[in-house]
Structures are given as structure tokens and as C-alpha cells.
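Below, each chain spelled out in residue letters.
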Amino acid sequence: MKKAVSRKNQIIPYGYHEVGKEEEQAVKKILRGRYLTQGNAVEEFEKSLCEFTNSRYAVVVSSGTAALHLAMISLCNPGDRILTSPLTFVATVNSISYANAIPVFNDVSIETYLLEPDLSMKYKGAIIVHFAGLPNTCNEWKNFDGWIVEDAAHSLGAERLVNNKWQQIGHSRYSIATILSFHPVKSITTCEGGAILTSDRNLADELRKLRSHCISSRKGYLYEIEKVGFNYRLSDLNCAIGIEQLKKLPKFMEKRREIAYRYIEELRNVEEIILPIEHEEVRSAWHLFPVRIKNRDRIYRQLLDNNIKCQVHYIPVYKFSLYKHLYKDLPNVEKIFASELSLPIFPALSKTQQNRVIEILKSNFLKTKR
Ligand SMILES: Cc1ncc(COP(=O)(O)O)c(C=O)c1O
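Residues numbered from 1 in each chain as written. Predicted model: local features only at pLDDT ≥ 70, side-chain atom pairs only at ≥ 80, totals over all residues. Heavy atoms only, no water.

I'd like a description of helix α3 (residues 64-75), backed by residues and values.
Here α3 contains 12 residues, and its C-alpha end-to-end distance of 16 Å stays within 8% of the 16 Å for a straight helix at 1.5 Å per residue. By the N-cap criterion, in which a side-chain oxygen at the helix start approaches the backbone nitrogen of a residue two or three places on, α3 is capped by S63, the distance to T65 being 3.3 Å. (Helix = DSSP H or I, 4+ residues; strand = E, 2+ residues; numbered from the N terminus. Expected span 1.5 Å × (residues − 1). Polar contact = N/O pair within 3.5 Å; in protein donor to acceptor, adjacent residues only side chain to side chain.)

Tell me about the domain arrangement of the chain, and please be specific about residues and values.
Quoted interface sizes are often the accessible area lost when the parts come together. Here the chain is partitioned into domain 1 (21-107 + 114-241) and domain 2 (249-369). Between the C-alpha centres of domain 1 and domain 2 there is a distance of 26 Å. Taken together, both faces of the contact between domain 1 and domain 2 bury some 2900 Å²; the carbon and sulfur share is 65%. The three residues of domain 1 that bury the most area against domain 2 are L87, F105 and D107, which together make up 22% of that side's buried surface. (Domains from an automatic or database assignment. Buried area = accessible area lost by both parts, 1.4 Å probe.)

Which residues make up the packing of aromatic side chains, and what are the values?
By the definition in use, this model includes 12 aromatic pairs. Judged by centre distance (5.1 Å) and plane angle (10 degrees), the rings of F230 and Y232 are stacked. Measuring from ring centre to ring centre gives 6.4 Å for Y261 and W286, while their planes differ by 85 degrees; the resulting arrangement is edge-to-face. A residue pair is termed long-range when its members are at least 10 positions apart, and Y261 in helix α6 (residues 236-267) and W286 in the loop between β13 (282-283) and β14 (289-293) qualify at 25 residues. (Phe/Tyr/Trp six-rings, centres within 6.5 Å; stacked < 30°, edge-to-face > 60°.)

So what about a nonpolar patch on the surface? Which residues, and what values?
Together, I315, F320 and L322 make up a nonpolar patch on the protein surface, roughly 260 Å² of accessible area in all. Locating I315 in the fold gives a position in the loop between α7 (296-305) and α8 (331-339). Residue I315 is classed as partly exposed on the basis of its relative accessible area of 39%. (Patch = residues over 30% accessible without salt bridge, like charges linked within 9 Å, V, L, I, M, F, W, Y side chains within 5 Å. Areas by Shrake-Rupley, 256 points an atom, 1.4 Å probe, with all protein chains shown as cover. Salt bridge = Lys/Arg side-chain N within 4 Å of Asp/Glu carboxyl O. Buried < 20%, exposed > 50% of the residue type's maximum accessible area, 1.4 Å probe, protein only.)

Okay, structure coming up:
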């Protein structure tokens, strides 16, 4: 017989989805309706994404990786050099490889973990990752000579202050496209799913074709195919969940912010922990709560022994054998990799659960100071 885990000791993941009756009802409606895929829910979800982010076009696809893939093959030629951060999930870098372009890494800011622009070399473009939900608003990017794609897999719901007005991620001043992911640990979920937001009509048309085999100009049973496309469609079932999730996003953001500010309040006096920052021109989506911490590996194991599943974000991509040829000496990336720990943060994280995390961290450091 399985041993019951006491409530006190239940597993706390680092991220978790929150779905309810509304999503259940929406899924039921699709299952009882006429279309499981390519019906009205797809368009409706795309419209809701445009309204929420104030972006002109949204193209939903089967994952954030698919979104990155389609964006890169639309924007790159083989051999193009694309600047990006090695402090990301491998999907960001793989998408450049899919297009036979060349990923080039630069260092990140030690305070924000966000990619610094490299203005000394010529690049076709850059993928900037809004790490942990924090928008990269580094002013120097305005001088970058190439297109910019925002990998906002972490940051739907994040905002930046532009001309004294708060703007949602996705409504961009300087990027050609913004990529979203709807994996269950993200701001909202469709189970698996992703989207590309853009103000460029031609790009949006191209992406729509690419996600469905590049089929064009249907006439009766005849249709034309001009180039290799994919089946990266997102089903109505997924989109119906997404529509309900998006309605809840402001509440989710409120909860995530509450949890983040509580960590900050409780841990700000612990010298051995460096807390994440959020300057006054941005509001993070708090996808992650990354701290830099002394004795990271020991504390990681201690938390795990107490059923608290923290994560390290990220193993720098150039450490994988696939990308070791792209290694560069990037001191901030190395420092972050050596000390970063992402503490649990998700809308349903209770105060009691958060206290378990805080107590373990405090007990490690505060007692050694006395
Ligand atoms: C920064 C970043 N980009 C892209 C992706 C890929 O998204 P998906 O899992 O939806 O394919 C992820 C996934 O975690 C991510 O963290």
C-alpha cells in the first residue's frame, strides 16, 4: 500500500497550472460540437490574444517551439548570424538551427539575467528572452541594427511603461514578432500550445500558411502548395481552454505578484540571497522567482529532501554537447549558473506552502549569522 504523504509534507513543484470548471465546460462544448480542430475557437482565441496584448495579429500554433521555428524560418536565411542568450531553454537556440542560421551568444546582465546587446558586430537579428517574466527594456537595443524577436514564453502578462502608459508584452515598439508558450507552467495554459504576435501583416499571412502545410488558393477540391510547410495547428480543444485561461490572466498575475513580493519582503534581510529586481518601468509576469544563493547545490538538495522541487534556470546552452562549439567566455552567465535557484511560484501556491520554502532558506542563513 502507498504511504499517505502528510499535508505538511506534500510535494511543492516550482510551477503549476490552474484550471477550473470554466475550462471543463469549454472543453465539453467543443467535444459535443461540430469541430475538434480548425473551428471557431482558434480564431476566437487569436482575437482574444490580440485584444489582451493590443497586438495586431496573433497566430496560434502547437507549441512555443513551433512558434519560434516558424518565426525563424520566415526571418532567416541559411548562414545568418542571430544574437541570443545562452541562458534560456534550448528551444530558443534550436529554432535558429532549424533555419540553418548561426546562433551567437552574448553575456547577460548579472542583475536582470537579460541579454545585453552586442553593437560591435553585424547580425541579421536577435532573439531576446524575457527571462523569468521580466521584460528586456535595455535602451541600447534601440541601436541594434537587425530585427528583434521577443521570446516571451515566460512573460505573457508582463508590462512595460512606454510614454507613461503601461503596455502589455506583445505590443512592441521595436520587435518584429513576439513568441508565447502555453505549456502548463506558463502564465496561461492550453496544455501544449504557443503563438506568434506581430504587427506585420505579410509575416502573419506567411506564418498562417506555414502552420498548415503552406496550402493556399483553394478552389473546389483543388489547392496549391508552393513550399514545405508543417502541421503546427492548435486544436479547438486547446484554444477553448486558452480563451478561458486568458480571462483569468489578470487574476493569475495578481497572485504571482503577491507571492513574489512576499518572498522579497521575507528574504530581503538574508544577505546570502540575492533577490530578483523589477525596476519602475516594468512589471514582471513572475513566471519564475530566480534567486542567487550561497551553497546553491546543498540548499537545492535540502529543499528536495523536504519535497520542495526547485529548479535551476538554466544550464547555459553552450554546455550541451550539441552546442559546445558555440562556447564563449561569458562571466555573468557562468556566475548565474553557479548560484541560481528558482523558488516555487504559481497562482495556487498557498501561504503555508510558501512558508515552508521561506523557513528552510532562513534557517540556513539567519542562524549562522548569530
Ligand atoms: C524561454 C523559452 N522559450 C521557448 C520555450 C518553448 O516553449 P514550448 O515548451 O511551448 O515549446 C520555452 C519552454 O519552456 C522557454 O522557456
